[in-house]
Amino acid sequence: AMAGVGGGNDFQWCFSQVKGAIDEDVAEADIISTVEFNYSGELLATGDKGGRVVIFQREQESKNRPLSRGEYNVYSTFQSHEPEFDYLKSLEIEEKINKIRWLPQQNAAHFLLSTNDKTIKLWKISERDKRAEGYNLKDEDGRLRDPFRITTLRVPVLMPMDLMVEASPRRIFANAHTYHINSISVNSDHETYLSADDLRINLWHLEITDRSFNIVDIKPANMEELTEVITAAECHPHQCNVFVYSSSKGTIRLCDMRAAALCDRHSKFFEEPEDPSSRSFFSEIISSISDVKFSHSGRYMMTRDYLSVKVWDLNMENRPVETYQVHEYLRSKLCSLYENDCIFDKFECCWNGSDSAIMTGSYNNFFRMFDRNTRRDITLEASRENSKPRAMLKPRKVCTGGKRKKDEISVDSLDFNKKILHTAWHPKENVIAVAATNNLYIFQDKIN
Amino acid sequence: MSNETEIANQAMEEATTEEQQEMQDKVVSPEKAEEAKLKARYPHLGTKPGGSDLLRKRLQKGQKYFDSGDYNMAKAKMKNKQLPSATAEKTEITGDHIPTPQDLPQRKPSLVASKLAV
């Protein structure tokens, strides 16, 4: 276990906050579908199946309220996407927010991209804490003044008002995806971003909504020949010409946009060789990559497949440099996980700010953390039972067979409806956000 | 070492290899055991699960109702009154009737604010 043993890299995770309703009956719309910190970590955004975005802001530390140090409170909330029906294709378009990505902050306002299956939107979130008073042509309540009664001219004065946070859609990037968008990623040039669906990847300019460039197209001429789909894509954090995309066959392709306008031919191809004798019906399904994330350094990337997380060195294509087992005990449950569709669950993964640790979710509201330096791992649980302020989280253990020790939970007792698919790590500090169905948990490292 | 001992040793080694093979066959990988379980329940399951059927189902997510295939299935169903046998793939049973825009449930955005924002 990672916690409590002492030593430089050990974390001691403590409960900080939980957001969301307590009731057992979870409305589908309330299921959180994406979680993302902004570049400074000051803001934390969530998207849900109901198409709504909620943004939390971290409280400044103040002497008046020492206990709320670093707490995240609601800053803004808005309806980003609405359900649509495409009558031409007989296609129901869900309002579920698949991904939120923040833009780097350039002025007082904050910008983020949010996307559902078909449409990406750029939202501007701005604060208004001043109001102009003393207009010449209208009253304070907005009624027009009779011009003949105006005898003097005055200069309106800016008066303070209660803080108002407004969200407004600045750009709508629509009609560029035939299939379902699974990823968006802002480029390091801060001018462009990519959006990926099952078969295609498009490059957009943030200012231009009526055009996008198709940079990857893996749709076969004959759909009967379809063997794999794109599952995730991301721009390199520093090299604005490089991006990667992962596939349902467990491979990753790195592309260089300088090489050609259409990046159908990869520059690098990452695949771990498979032992052919161990191949089974499930092999390809569990090898499907559900998330790919570059390290902050840009030197590594991490992929998540059904049972493991792999770290790849961009300079080595033939195998990952590190492999971490998330829940290997599920390998002997694949039959029932296939039958209840859990085998298709798409787990995400994330790096901490220094790239020394990685985190990903599992079932039973468990989530896993791996320290890349010490090779230690820990399993923690997001649960209201352990939600006293600053209560330290106890490591959890799954018993795989034989005698179950006290405090261990057996594989058959795991609740597969309690999935942690979305987690986020603060870019600079040891603060993590974990989405457990309709609840958002925030944990902080005690030594923070 | 005498000839006889050598032969005896060799025989012993061979036996051990055979025994080893037997043991290996009994100790099936958990994944293969799960595969056997699945194939026992769904004997018609294709051998290429990651192939086009599964992927095309994924691509068609959200496809709700009417297309010419549905139309023809509905017509055929009304004629034969015969439901297609349950297949291993979890396909949605469409083609029960020919929907019209009036039938489609009107999905409105949720008017309630997110409970996270409370």
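Positions within a chain are numbered from 1, following the residues in the order the chain's sequence is written. Numbering of ligands from 1 and lettering of chains from A proceed in the order in which they are written. The predicted origin of the model limits local features to residues at a pLDDT of at least 70 and limits the giving and counting of side-chain atom pairs to 80 or more, whereas totals for whole chains, interfaces and linings rest on all residues. Remark: hydrogens and water are excluded; side-chain values derive from all non-hydrogen atoms of the structure.

UniProt positions are given in the numbering used here, feature names are shortened, and annotations may be inferred rather than shown by experiment. What UniProt states about chain B under its Subcellular location (unreviewed entry) heading is, verbatim, "Cytoplasm". The record held by UniProt for chain B lists under Sequence similarities (unreviewed entry) the comment "Belongs to the endosulfine family."

Chain A appears in an unreviewed UniProt entry as Serine/threonine-protein phosphatase 2A 55 kDa regulatory subunit B from Electrophorus electricus. The UniProt entry for chain A carries the following comment under Sequence similarities (unreviewed entry): "Belongs to the phosphatase 2A regulatory subunit B family."

S.K.: Where do I start with the interface of chain A and chain B in this structure?
M.R.: A common way to express how large an interface is: the accessible area buried when the components associate. In what follows, residue pairs with any heavy atoms lying within 4.5 Å of each other are defined as contacts. The interface of chain A with chain B comprises 60 residues on the first partner and 39 residues on the second. Summed over both partners, the accessible surface that disappears when two parts come together, traced with a 1.4 Å probe, is what is meant by buried area. A buried area of about 4,300 Å², summed over both sides, lies between chain A and chain B, and 57% of it is on carbon and sulfur atoms. Of all residues in chain A, E92, F281 and E339 of chain A give up the largest surface area on contact with chain B, accounting jointly for 15% of the area buried on that side. Put simply, a salt bridge is a Lys or Arg side-chain nitrogen that is within 4 Å of an Asp or Glu carboxyl oxygen. The tally of links from chain A across to chain B stands at 4 salt bridges. The salt bridge involving R41 of chain B is made with E339 of chain A; its shortest N-O contact spans 2.4 Å. N or O atoms closer than or at 3.5 Å make up a polar contact, with two conditions inside protein: a donor-capable atom paired with an acceptor-capable one, and, for residues adjacent in sequence, both atoms drawn from side chains. Linking chain A with chain B are 11 residue pairs in polar contact (both at pLDDT 80 or more), by the criterion used here. At the level of secondary structure, the elements contributing two or more residues to the side of chain A that touches chain B comprise strand 3 (43-48), strand 4 (52-58), strand 5 (72-79), strand 7 (91-93), strand 16 (230-235), helix 1 (283-287) and helix 2 (334-339) of chain A. Residue contributions to the side of chain A that touches chain B peak at 5 residues, all from helix 2 of chain A. By definition, any uninterrupted DSSP run of H or I lasting at least four residues is a helix, any uninterrupted run of E lasting at least two residues is a strand, and each is numbered from the N terminus.

S.K.: Please explain the environment of I432 of chain A as it appears in this structure.
M.R.: Relative to the assigned elements, I432 of chain A resides in strand 31 (residues 431-436). The contact partners of I432 of chain A, leaving out residues within four places of it in the chain, are W13, M359, F367, M369, A424, W425, Y441, I442 and F443 of chain A.

S.K.: Explain the layout of surface pockets to me, please; I cannot follow it from the model alone.
M.R.: Gaps between atoms show up when a probe of the same size as a water molecule is rolled over them. Residues and elements named next belong to chain A. In this structure, the second largest pocket encloses a volume near 820 Å³. Taken together, 32 residues make up the lining of the second largest pocket; nearest its centre are E36, Y39, E234, F294 and H296. Of all elements in the fold, only strand 2 (32-37), strand 8 (99-102), strand 12 (183-186), strand 16, strand 20 (291-294), strand 24 (349-351) and strand 30 (422-425) reach the threshold of two or more residues within the lining of the second largest pocket. Each residue gets one of three labels, nonpolar for Ala, Val, Leu, Ile, Met, Phe, Trp, Tyr, Cys and Pro, charged for Asp, Glu, Lys and Arg, and polar for the others, Gly among them. By residue class, the composition of the lining of the second largest pocket is 15 nonpolar, 11 polar and 6 charged. The distinction between a cavity and a pocket rests on a 1 Å grid over the protein atoms alone: a 1.4 Å probe fits inside a cavity but cannot get out, while a pocket stays open yet meets protein on both sides within 12 Å along at least five of seven lines, and a residue with an atom within 4 Å of a point counts as lining. Grid points are joined across faces, edges and corners, and a volume is the space filled by probe spheres set on the points.

S.K.: Got a minute to help me understand the nonpolar core in this structure?
M.R.: Generally speaking, nonpolar side chains in soluble globular proteins are found buried as a group. All names here are of chain A. Ranked by size, the top nonpolar core spans 24 residues in total, and within it Y306, L330, L337, Y338, I343 and L414 carry the most contacts. Only helix 1 and helix 2 provide two or more residues apiece to this core. Ranked by residues supplied to this core, first place goes to helix 2 with 4 residues. Once you skip the residues sitting within four places of it in the chain, L337 turns out to touch Y306, L330, C342, I343 and F416. In this description, a nonpolar core means a group of buried Ala, Val, Leu, Ile, Met, Phe, Trp, Tyr and Cys residues linked to one another through side-chain atoms lying within 4.5 Å. The buried label applies to any residue whose accessible area, calculated with a 1.4 Å probe on protein chains only, is under 20% of its type's maximum; exposed applies above 50%, and partly exposed to all values in between. Judged by nonpolar contacts, the second largest core, of 19 residues, contains M359, I420, I432 and Y441.

S.K.: I keep staring at the sheet that holds strand 4 of chain A and nothing clicks. Help me out?
M.R.: Hydrogen bonds along the backbone pair up the strands of a sheet, which may run parallel or antiparallel. All names here are of chain A. Note on pairing: DSSP must find at least two bridges between two strands before they are called paired. Here we have 4 strands laid out as an open sheet, ordered 2-3-4-5, and antiparallel in their pairing. One side of each edge strand has no neighbouring strand; the edge strands of this open sheet are strand 2 and strand 5. Strand-to-strand twist across the sheet, computed as the mean angle between neighbouring axes with direction ignored, equals 20 degrees. Here 7 bridges tie strand 4 to strand 5, and the two strands are oriented antiparallel to one another. Paired with I55 across the bridge in strand 5 is S76. Lines fitted to the C-alpha atoms define the axes, with helices restricted to the stretch that makes contact. Angles between their N-to-C directions range from 0 to 180 degrees.

S.K.: Mind showing me how you'd approach the sheet that holds strand 13 (residues 192-196) of chain A here?
M.R.: Residue and element names in this part refer to chain A. Taken in spatial order, the 4 strands line up as 12-13-14-15 in an open sheet, and their pairing is antiparallel. Of all strands in the sheet, those bounded by a partner on one side alone are strand 12 and strand 15 (208-217). The average undirected angle you get between the axes of adjacent strands in this sheet is 25 degrees. As judged from the 4 bridges shared by strand 12 and strand 13, these two strands associate in the antiparallel manner. Looking across to strand 13, one finds that V186 is bridged to Y193.

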